[in-house]
Amino acid sequence: MSEFTHFNRHGEAVMVDVGEKKETKREAVAEGRITMSRECFEKVKDGTMGKGDVLAVARIAGIMGAKRTSDLIPLCHILNLTKVEIQFSLEEESCAVQAVCTVKTTGKTGVEMEALTGVTISLLTIYDMCKAVDKAMELGDIHLCRKSGGKSGDFVRP
């Protein structure tokens, strides 16, 4: 069996023991996007959606989601995050909002899941706040862009 596994010798699910690992600076960046109708996009862009400032609420939701990752993903370690940042870009031509989540910590395990959770929750919040205008919105292209720190070293998505 590999050194790090989520199963014990009996095949039962377990949380990986990271107690002997060294603390290192960790960072992960994930991104994704949500596409929507032109009408919906314009309301998000102009800040005229009936439920309020969509991107401000989605930013807070994404930060909260990253902080609560261990409550949502089984066997995920509780981490003391030192930074969570959500940035949005409006893609006029495709009527899409791109979300990028950056997460940092100094710890014994990485923050990839926190970055992916943060970006996903921010996109889901955009959907929730806009669904009265466009139920056909589509979330997609959610992926890890890069990560640094830890035993496995750096990763940059090709």
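The rules behind each value
Residues numbered from 1 in each chain as written. Predicted model: local features only at pLDDT ≥ 70, side-chain atom pairs only at ≥ 80, totals over all residues. Heavy atoms only, no water. Helix = DSSP H or I, 4+ residues; strand = E, 2+ residues; numbered from the N terminus. Buried < 20%, exposed > 50% of the residue type's maximum accessible area, 1.4 Å probe, protein only. Contact = heavy atoms within 4.5 Å. Expected span 1.5 Å × (residues − 1). Disulfide = S-S within 2.5 Å.

(A) The environment of Thr-125, seen in detail. Considering the arrangement of structural elements, one finds Thr-125 in helix H4 (residues 112–130). Thr-125 sits in the buried class, given a relative accessible area of 13%. Note: C-alpha distance between Thr-125 and Ala-58 (67 residues apart in sequence) is 5.2 Å. If near-sequence neighbours (up to four positions away) are discounted, Thr-125 is found in contact with Val-57, Ala-58 and Ala-61.

(B) Quick peek at unusual backbone geometry. In this model, Leu-75 sits at a positive phi of 70 degrees, which is unusual for a non-glycine residue. Relative to the assigned elements, Leu-75 resides in the loop between helix H3 (69–72) and strand S2 (81–91). Note on Leu-75: relative accessible area 31%, which makes it partly exposed. Backbone geometry at Asp-141 places phi at a positive 55 degrees, although glycine is not the residue there. Relative to the helices and strands, Asp-141 resides in strand S4 (residues 138–148). What makes Asp-141 partly exposed here is its relative accessible area of 42%.

(C) Spotlight on the environment of Ile-78. Within the fold, Ile-78 resides in the loop between H3 and S2. Judged by its relative accessible area of 74%, Ile-78 is exposed. The spacing of Ile-78 and Thr-109 is 31 residues in sequence and 9.6 Å in space, taken between C-alpha atoms.

(D) Examining H4 more closely. Here H4 spans 28 Å end to end across 19 residues, near enough to the 27 Å set by a 1.5 Å rise per residue. Of all the positions in H4, only Glu-114, Ala-115, Thr-117, Gly-118, Val-119, Ser-122, Leu-123, Thr-125, Ile-126, Met-129 and Cys-130 are classed as buried.

(E) Expanded view of the state of the cysteines. Taken as a whole and assessed by the stated rule, the structure comprises 0 disulfides. Of all cysteine sulfurs in the structure, the one in Cys-145 sits closest to Cys-101, which takes part in no disulfide; the separation is 10 Å. Judged by its relative accessible area of 14%, Cys-145 falls in the buried class.

These figures come from the coordinates and say nothing about function on their own.
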